[in-house]
Amino acid sequence: MALGAVAEPPVRRRGSDYAQLSRRITQAGLLERRPGWYVTRITLTLGAFVAGWIAVFLLGDSWWQLPLAALLAVATTQVAFLGHDAGHRQMFRRRGPSELIGLLAGNLAVGLSYGWWVDKHNRHHANPNHEDEDPDVGAGALVWTHEQALETRGFGRWLAQRQAYFFFPMLLLEGLSLHVASIRAIVGREDGRYTVPMRHRAVEAALLVAHTVGYVALLLAVMSPVKALLFAVVHQALWGLYMGCAFAPNHKGMPMPTAEDDLDFLRKQVLTSRNVRGSRLVDTTLGGLNYQIEHHLFPNMPRANLRRAQPIVRAYCVEQGIPYAETGLIESYRQALGHLHEVGQPLRG
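Residues numbered from 1 in each chain as written. Predicted model: local features only at pLDDT ≥ 70, side-chain atom pairs only at ≥ 80, totals over all residues. Heavy atoms only, no water.

All right, on to the overall build of the protein then. Broken down by element type, the protein carries 17 helices and four strands. For 349 residues, the compact-globule estimate of 2.2 N^0.38 gives 20 Å, and the protein sits close to it at 21 Å. Principal axes of the C-alpha set define a box for the protein whose edges measure 65 × 55 × 45 Å. Looking at the 349 residues of the protein, the share that counts as buried comes to 49%. Across the protein, every contact between residues at least 6 apart in sequence was considered, and the portion connecting residues at least 24 apart equals 72%. Approximately 16700 Å² of the protein is accessible, and the part contributed by carbon and sulfur atoms is 64%. Distance between charge centroids for the protein: 6 Å, based on 35 positive and 28 negative side chains. (Helix = DSSP H or I, 4+ residues; strand = E, 2+ residues; numbered from the N terminus. Rg over C-alpha atoms; globule rule 2.2 N^0.38 Å. Buried < 20%, exposed > 50% of the residue type's maximum accessible area, 1.4 Å probe, protein only. Contact = heavy atoms within 4.5 Å. Areas by Shrake-Rupley, 256 points an atom, 1.4 Å probe, with all protein chains shown as cover. Lys, Arg positive; Asp, Glu negative; His and termini not counted. Charge placed at Lys NZ, Arg CZ, Asp CG, Glu CD.)

So, on to the environment of R277. Counting through the fold element by element, R277 comes out in the loop between β3 (275-276) and α13 (280-285). Sequence separation of R277 and T327 is 50 residues, and the distance between their C-alpha atoms is 5.7 Å. Excluding residues that lie within four positions of it along the chain, R277 makes contacts with V282, E326, T327 and G328. A polar atom in the side chain of R277 sits 3.1 Å from the backbone oxygen of E326. (Polar contact = N/O pair within 3.5 Å; in protein donor to acceptor, adjacent residues only side chain to side chain.)

Before going further, it helps to examine helix α4 (residues 95-110). Within an α-helix, residues lying three or four positions from one another point in the same direction, as the helix has 3.6 residues per turn. When α4 is considered as a whole, its buried residues turn out to be S98, E99, G102, L103, A105, G106, N107, A109 and V110. On the buried face of α4, the contacting elements are α2 (35-59), α3 (65-87), α5 (114-126), α9 (174-187), α10 (201-222) and α11 (225-251). Where α4 terminates, the next one or two residues include G111, which has phi positive at roughly 85°.

On to the packing of α3 against α5, then. Viewed as axis vectors pointing N to C, α3 and α5 meet at an angle of 60°, and their least axial separation amounts to 11 Å. Between α3 and α5, the angle is such that the two are oblique. With respect to the hand of their crossing, α3 and α5 are arranged in right-handed fashion. On α5, the residues touching G83, H84, A86 and G87 of α3 are Y114, W117, V118 and H121. Tallied by class, the residues present in the contact of α3 with α5 amount to four nonpolar, four polar and no charged. (Axes fitted to C-alpha atoms, helices over the stretch in contact; angles between N-to-C directions. Parallel < 35°, antiparallel > 145°, perpendicular 65-115°, else oblique. Left-handed = near helix turned anticlockwise from the far one by under 90°. Nonpolar A, V, L, I, M, F, W, Y, C, P; charged D, E, K, R; others polar.)

Turning next to the packing of aromatic side chains. For the structure shown, the criterion picks out 11 aromatic pairs. Look at F49 and W53: their rings are 6.4 Å apart centre to centre, the planes differ by 75°, and that puts the pair in the edge-to-face class. Linking F49 with W53, this pair stays in helix α2, spanning four residues, or about one helical turn. Take F49: its relative accessible area is 9%, and that puts it in the buried class. Seen in terms of ring centroids, W53 and F231 are 5.9 Å apart; in terms of plane orientation they differ by 50°. Their pairing is tilted. Of this pair, W53 sits in helix α2 while F231 sits in helix α11, and the two are 178 residues apart along the sequence. F231 shares its class with W53; the two are buried. (Phe/Tyr/Trp six-rings, centres within 6.5 Å; stacked < 30°, edge-to-face > 60°.)

Attention now moves to unusual backbone geometry. Trans peptide bonds make up the majority, and among non-glycine residues the majority have a negative phi. Backbone geometry places R89, a non-glycine residue, at a positive phi of 55°. Position of R89 relative to the elements: it lies in the loop between α3 and α4. Judged by relative accessible area, which is 31%, R89 ranks as partly exposed.

Laid out in structure tokens, this is it:
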């Protein structure tokens, strides 16, 4: 999608626009930490996660383990959301406690490298939806621009023509992809150097091993190999689907700036992001990522404050003449799928 199709002409005092908004947010107290809220959230989330695994142990060799695997996929995603918040230092200002929560939630509980994710996610935040700078829109199994589509060959080209139809089924493999990427990030080297910078590589490796060994050992200890395999397939597939469904509405189908676009920080973040309307249930289900515009403008804002920040940010964007994208959840998926389908159009033609 071309950026020029939606961007308004720049207003005066452009460089100060974000500073003015930041002052309003700060004066409203929305950057203050919410320790009580996070203590409650962590207790409830980890409580549900641990209770789920205790239920797996107590249930034993039963086919009822498969519905339980689906419930645990939800709990696992909620734990991953805690790792996301820790990575942005929404819980604590200091790096140490944030990294501790991130490592425990990511590497040990979920099996996802915290250091790899922070590196990748920070690059996304710095240049969202930028084809050359944002790793989330680089060419891969899916393509996000006409140029990427035209560069595909063989099966990749066949898939690019139909990628909108395969998007949700492909998310069932996202969990496996995240695990593989985490391992590659820890051990991958090029020209004698690790390819991904990581502060606690040995600790991350040990926690990932502990996660994998514990996961496999528990399943095989309480159920037959066939049931254990099916449990893992259901759990990992639905976890990947949930994660993908939580992140897909945020930027897919929004403008993709290029090196020629001269955007300040405020416009770069707002124009490339999409909010999802909904109740507090939607807030919980999507881990606060439904306030994607506010989150990108203030990444370290505690999740619980995003709902209160939204009307301030939306009103300010109206003042500045900046388009503010907000839609329902189903419509957000329709727009994302529509973009994927449109990208493949040159190949179908």
